Amino acid sequence: MRPRDDDAEDGTGEAGGFRGAGGAGGAGEYGDAGRPPGGPEGPGGFGGPGPGDGQPRIPLPRASVEDSGQPLPDVVPVVLEHHVLTSLLGAWALAACSAEEAAAVEEHIGDCAACADEAVRLREAVTLLQRPESLDLDPALRTRVLDGCLERRPPRIPVPEWAAPYDAETARLDALLQDIGDAEWHAPVRLRWFEADGPASRRTTVAGVLAHLLTVDGAVAVGLGLADPMGEITAAGRGPAARTEAYWRASHYPPTRLVRAPWREQSHGIVRTVSFTGDEGGMPVSYSYGDFELPLRDAMLDRAFECWVHAEDIAEAVDYPYEPPAARHLNRMIDLAARMLPGALAARRRAGLAAPGGPHLVTAGEPGRSLRLEIEGSGGGEWLIPLDAPGAVGSAEHEVAHVALDGVEFCRLAAGHVPPADAAAGQLGDRETIRDVLFAAASLSRM
């Protein structure tokens with residue numbers, strides 16, 4: 001039935017039929033317990049307001065007290081007995097307690113001297129369990145970050161694969177230089193290499209080593225059309241030693257950390273230029289060793305190798321940890337040295353420093369006597385080194401000797417940092433040939 005208007009305002013609860021004859025508990029006109037249209041069968045759902053009420057059916061999320069600007073509630077320590085608090089000291093030292101338990105323990109150790117002593121002892125024990133974290137960045141961090149970035153967005157002009165080792169090694173050395181102080185730039189460094197049949201060395205400083213890299217890399221920069229860091233300085237020769245000595249002599253003062261900026265700018269310029277040229281790295285570059293030429297791709301590998309070797313010299317002088325290059329880059333450096341060994345061996349024979357070649361002449365492109373060079377560890381592999389002529393081809397059928405070395409050890413031999421007699425990890429076959437090849441590897445080194 002329809003209520004009267006005056007009944008709807010009298011507040012008796014009987015108007016509108018919301019209470020039937022049964023009163024509050026009876027069944028009215030609308031059925032069970034007199035539920036209104038907003039009940040289970042009504043449009044509003046389970047007792048909630050209907051769509052016409054202007055109110056949301058689902059409550060909005062509550063704002064965090066941290067975002068409201070109001071003070072955070074205080075953590076009230078729970079009341080625990082002494083033996084319970086004592087048992088919680090270990091968890092508290094490991095920061096494994098809840099906020100209430102931690103508050104209770106901290107309040108307790110302020111009053112209990114025995115528990116305070118035990119808490120201090122446990123905290124010290126926890127610090128011994130934790131490995132000390134080095135402040136030095138992971139050497140592989142830059143590579144991981146760049147790889148992650150390049151997976152998402154490849155570079156418009158990528159660095160050629162054959163220039164990547166130089167790019168990586170100059171970046172690693174620059175990261176080392178960022179960490180050293182002003183005084184360490186003057187730390188003594190001894191440059192070492194192999195000359196004739198004996199070791200040679202030259203004493204300089206950390207800044208002097210970087211000046212050496214600047215001048216020798218400058219020969220590659222000139223080949224690419226960039227400015228020569230020598231400027232108006234005239235060197236007695238075109239080799240690395242002559243260029244470096246001339247640069248050192250022309251300096252009014254010993255090199256300081258100021259040499260880092262031109263060196264880094266030049267290395268960036270070299271990488272940028274080889275990336276834009278689009279060349280396959282075959283352009284000849286006359287640098288480093290007088291009139292000796294190398295293809296650009298090999299010249300970049302050679303500069304990456306020397307950058308790593310001298311970075312280790314600097315790291316040793318300032319007591320800085322330094323890792324070998326990435327395995328793929330180290331493999332390229334080893335491959336370059338292996339390809340240069342036949343020429344170095346022939347040069348030593350012409351100088352009377354190595355035994356003559358085989359009984360038969362071998363023409364270029366023909367197989368001849370060979371030595372198997374096995375490189376173990378990082379960047380490893382196997383190379384067949386032709387022994388009779390630089391243009392000959394290595395052949396397993398004509399193998400007369402086998403040498404096994406660690407990859408980093410072989411590179412240090414080629415850098416003149418390891419005596420040839422101490423470098424081989426394993427030898428099999430013609431001992432005289434093995435000796436000649438090891439000395440030829442050491443003769444690849446230069447200042």
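The model shown is predicted, which means the values in this text are computed figures rather than measured ones.

Draft legend 1. Expanded view of the overall build of the protein. In terms of helices and strands, the protein carries 14 helices and 8 strands. Within the protein, buried positions represent 40% of all 447 residues. Relative to all contacts within the protein whose residues are 6 or more apart in sequence, the contacts with residues 24 or more apart total 65%. Accessible area for the protein stands at about 25500 Å²; split by element, carbon and sulfur atoms hold 54% of it.

Draft legend 2. Looking closely at unusual backbone geometry. We note that Ala95 has phi near 60 degrees; this positive angle belongs to a residue other than glycine. Examined against the element boundaries, Ala95 turns out to sit in the loop between α3 (89-93) and α4 (99-109). Under the relative-accessibility criterion, Ala95 is labelled exposed at 67%.

Draft legend 3. Up close: the environment of Ala207. Position of Ala207 among the secondary structure elements: in helix α8 (residues 206-223). Residue class for Ala207 comes out buried when judged on its relative accessible area of 0%. Every residue in contact with Ala207, bar those within four places of it in the chain, is listed here: Trp185, Pro255, Thr256 and Val259.

Draft legend 4. How the structure looks around the packing of helix α7 (residues 164-179) against α8. Viewed as axis vectors pointing N to C, α7 and α8 meet at an angle of 155 degrees, and their least axial separation amounts to 13 Å. Between α7 and α8, the interaxial angle falls into the category roughly antiparallel. Pair α7 / α8 crosses with left-handed handedness. Residue-level contacts link Tyr166, Leu173 and Leu177 of α7 to Val206, Leu210, Leu213 and Asp217 of α8. Looking at the contact of α7 with α8 residue by residue, the class counts come to 6 nonpolar, no polar and 1 charged.

Draft legend 5. Spotlight on the pairing of strand β2 (residues 198-205). Pairing analysis gives 8 bridges linking strand β1 (residues 188-195) to β2, with the strands arranged antiparallel. Residue pairing for β2: Trp193 is matched across the bridge by Ala200. Taking the residues that link successive antiparallel strands as the turn, the β1-β2 hairpin has 2 residues, and the phi of Ala196 there is positive, at about 55 degrees.

Draft legend 6. Focus on the pattern of salt bridges. Counted according to the given criterion, the structure contains 20 salt bridges. For Arg260, the salt bridge is made with Asp174, and the minimal N-O distance between the two is 2.8 Å. On the criterion of sequence distance, the pair formed by Arg260 in helix α10 (residues 260-277) and Asp174 in helix α7 is long-range, its members being 86 residues apart. Note on Asp174: relative accessible area 9%, which makes it buried. Here Arg243 ties to Asp228 by a salt bridge, and the two come within 2.9 Å at their closest N and O atoms.

Draft legend 7. Highlighting the packing of helix α13 (residues 407-414) against helix α14 (residues 431-442). Two elements in contact, α13 and α14, have axes separated by 6 Å at closest approach and are oriented at 70 degrees. Classified by the angle between their axes, α13 and α14 sit roughly perpendicular to one another. In this structure, α13 contributes Phe410, Leu413 and Ala414 to the contact, and α14 contributes Leu438, Ala441 and Ala442. Residues that form the contact of α13 with α14 fall into these classes: 6 nonpolar, no polar and no charged.

Draft legend 8. Representation of the nonpolar core in the model. With 86 residues, the main nonpolar core has Leu173, Leu373 and Phe410 as its most contacted residues. Per-element tally for this core: the top contributor is helix α11 (residues 296-317), with 12 residues. Grouped together as the second largest cluster of nonpolar side chains are 15 residues, Leu89, Cys97, Val105 and Ile109 included.

Draft legend 9. Local environment of helix α12 (residues 327-350). When the terminal C-alpha atoms of α12 are compared, their 35 Å separation across 24 residues agrees well with the 34 Å that a helix rising 1.5 Å per residue should span. In the structure, α12 departs most strongly from a straight axis at Leu341, where the bend amounts to approximately 35 degrees and where the proline Pro342 lies between one and four residues downstream. Of the residues one or two after α12, Gly352 is the one with positive phi, at around 75 degrees.

Draft legend 10. Representation of the confidence of the model for the protein within the structure. Here the protein averages 82 in pLDDT, and 79% of its residues register 70 or above. Contacts of residues 1-52 to residues separated by more than four positions or lying in other chains number 43 contacts, the stretch itself having pLDDT below 50.

Draft legend 11. How the structure looks around the side chain of Glu169. Of note, Glu169 is situated in helix α7. A relative accessible area of 1% means that Glu169 is categorised as buried. With residues near it in sequence (within four places) discarded, Glu169 still touches Ala304, Cys307, Trp308, Tyr322, Pro325 and Met333.

Draft legend 12. Region of the structure containing the side chain of Arg303. Locating Arg303 in the fold gives a position in helix α11. Looking at Arg303, the relative accessible area reads 1%, which means it is buried. A distance of 2.6 Å separates polar atoms of two side chains, one belonging to Arg303 and the other to Asp217. Polar contacts involving the side chain of Arg303 include one to the side chain of Glu306, which spans 2.4 Å.

Draft legend 13. Expanded view of the packing of aromatic side chains. In this structure the tally under the stated criterion is 2 aromatic pairs. Geometrically, the ring pair formed by Phe194 and Phe439 is edge-to-face, given 5.8 Å between the ring centres and 70 degrees between the ring planes. Placement of Phe194 in strand β1 and of Phe439 in helix α14 is noted, with a sequence separation of 245 residues between them. Comparing Phe194 with Phe439, the two get one shared label, buried. On the numbers, 6.0 Å between centres and 75 degrees between planes, the contact of Phe305 with Trp308 is edge-to-face. Of this pair, Phe305 and Trp308 both sit in helix α11, 3 residues apart, which is roughly one turn of the helix. Here Phe305 falls in the buried class, since its relative accessible area comes to 16%. Over the ring of Trp92 we find Arg123; its NZ or CZ atom is 4.1 Å from the centre of that ring.

Analysis parameters
- Residues numbered from 1 in each chain as written.
- Predicted model: local features only at pLDDT ≥ 70, side-chain atom pairs only at ≥ 80, totals over all residues.
- Heavy atoms only, no water.
- Helix = DSSP H or I, 4+ residues; strand = E, 2+ residues; numbered from the N terminus.
- Buried < 20%, exposed > 50% of the residue type's maximum accessible area, 1.4 Å probe, protein only.
- Contact = heavy atoms within 4.5 Å.
- Areas by Shrake-Rupley, 256 points an atom, 1.4 Å probe, with all protein chains shown as cover.
- Axes fitted to C-alpha atoms, helices over the stretch in contact; angles between N-to-C directions.
- Parallel < 35°, antiparallel > 145°, perpendicular 65-115°, else oblique.
- Left-handed = near helix turned anticlockwise from the far one by under 90°.
- Nonpolar A, V, L, I, M, F, W, Y, C, P; charged D, E, K, R; others polar.
- Pairing = 2+ DSSP bridges.
- Salt bridge = Lys/Arg side-chain N within 4 Å of Asp/Glu carboxyl O.
- Core = buried A, V, L, I, M, F, W, Y, C linked by side-chain atoms within 4.5 Å.
- Expected span 1.5 Å × (residues − 1).
- Bend = angle between axes of the 7 residues up to and from the residue.
- pLDDT = per-residue confidence, 0-100.
- Polar contact = N/O pair within 3.5 Å; in protein donor to acceptor, adjacent residues only side chain to side chain.
- Phe/Tyr/Trp six-rings, centres within 6.5 Å; stacked < 30°, edge-to-face > 60°.
- Lys NZ or Arg CZ within 6 Å of the ring centre and 35° of its normal.

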